[in-house]
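Descriptive analysis of the structure
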Amino acid sequence: PGRAEAARLALYIGGIDFEDERIGFEEFGKRKAAGELPFGSIPVISVDGKMVAQSQSIHRYCGKLSGLYPEDPFQALLVDEICDACEEVICMIVATMKPGSGDQTENRIKLMEGPLPAALKKIDARLEGKSN
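Here the residue numbers are simple positions, counted from 1 along each chain's written sequence. For a predicted model such as this one, the threshold for reporting local features is a pLDDT of at least 70, and the threshold for listing and counting side-chain atom pairs is 80 or more; totals across whole chains, interfaces and linings nevertheless cover every residue. Side-chain metrics in this entry use all non-hydrogen atoms of the structure; hydrogen atoms and water are not considered.

Next up on the list: the overall build of the protein chain. Numbering goes from the N terminus for both helices and strands, where a helix is a DSSP run of H or I of at least four residues and a strand is a run of E of at least two. In terms of helices and strands, the protein chain carries six helices and two strands. In the protein chain, the succession of helices and strands from N to C terminus is α-α-β-β-α-α-α-α. Seen through its C-alpha atoms, the protein chain measures out along the principal axes to roughly 45 × 45 × 20 Å. Contacts are assigned to residue pairs with any non-hydrogen atoms lying within 4.5 Å of each other. If you take every contact in the protein chain between residues at least 6 apart in sequence, the share linking residues at least 24 apart comes to 38%. Only the protein chains shown count as cover for residues, and all accessible areas are computed by the Shrake-Rupley method using a 1.4 Å probe. In the structure as shown, the protein chain presents an accessible area of about 9,500 Å², 57% of it carried by carbon and sulfur atoms. In this tally Asp and Glu are treated as negative and Lys and Arg as positive; neither His nor the chain ends contributes. Where a charge lies is defined by one atom per residue type, namely NZ (Lys), CZ (Arg), CG (Asp) and CD (Glu). Between the averaged position of the 16 positive side-chain charges in the protein chain and that of its 21 negative side-chain charges there is a distance of 4 Å.

See the structure below:
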């Protein structure tokens, strides 16, 4: 699904029509080389003909459009906290996929033996209200 999945889900849940364009590595490379991606990465969203990037910004925008993102500043802060913690988990996983990072299987086993479950437990605790 990738980093755009939360935005897709928010738009779908909110009943908001959108064009879901998924591109492969080759097309991504072409668009990046052509300067079509604001930060040279995906996902991106086009709003009124303007291309906007960065996953977390897109997620918040789609959450607001769909009515899923809280208007109350403190509640929004709590949502952002969990979203950012989830992004950190994604970064842990992605780090095991980078060329030159060693044996992927070994790296993933190490991740599963400690850092990943620990991070997920912290997220669970926050969601359950069992953490300060």
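Having seen the model, we can carry on.
Contact pair helix α4 (residues 73–95) / helix α6 (residues 115–128): the axes reach a minimum separation of 10 Å and the direction vectors enclose 170 degrees. As far as their axial angle goes, α6 and α4 are roughly antiparallel. When α4 is examined against α6, the residues E81, I82, A85, C86, V89, M92 and I93 are found in contact with a partner set consisting of P115, L116, A119, L120, I123, R126 and L127. Any residue outside Ala, Val, Leu, Ile, Met, Phe, Trp, Tyr, Cys, Pro, Asp, Glu, Lys and Arg is labelled polar, Gly included; the first ten of those are nonpolar and the last four are charged. Taken together, the residues of the contact of α4 with α6 sort by class into 12 nonpolar, no polar and two charged. Axes, fitted as lines to C-alpha atoms, cover a helix only where it is in contact. Angles between the N-to-C directions of the axes lie from 0 to 180 degrees. Any angle from 65 to 115 degrees is called roughly perpendicular, while one under 35 is roughly parallel, one over 145 is roughly antiparallel, and all others are oblique.

Glancing now at a nonpolar patch on the surface. Each patch is built from residues that are more than 30% exposed by relative accessible area and take part in no salt bridge. Like charges join if they lie within 9 Å; nonpolar side chains (Val, Leu, Ile, Met, Phe, Trp, Tyr) join within 5 Å. We define a salt bridge as a side-chain nitrogen of Lys or Arg found within 4 Å of a carboxyl oxygen belonging to Asp or Glu. On the surface, L9, Y12, I13, F18 and L68 cluster together into a nonpolar patch covering about 560 Å² of accessible area. Locating I13 in the fold gives a position in helix α1 (residues 5–13). Accessible area is worked out with a 1.4 Å probe on protein chains only. A residue is then buried under 20% of its type maximum, exposed over 50%, and partly exposed in between. Relative accessible area serves as the criterion here: at 58%, I13 is assigned to the exposed category.

Right, let's talk about the pattern of salt bridges for a bit. Overall, the coordinates contain 11 salt bridges when judged by the stated rule. A salt bridge links E5 to R8; the nearest nitrogen and oxygen atoms lie 2.9 Å apart. Taken as a pair, E5 and R8 lie in helix α1 at a separation of three residues, close to a single helical turn. The class for E5 is partly exposed, based on a relative accessible area of 23%. With a relative accessible area of 12%, R8 lands in the buried category. One salt-bridge network, in which partners are shared between bridges, spans E5, R8, D20 and R22.

Structural measurements only, silent on function.
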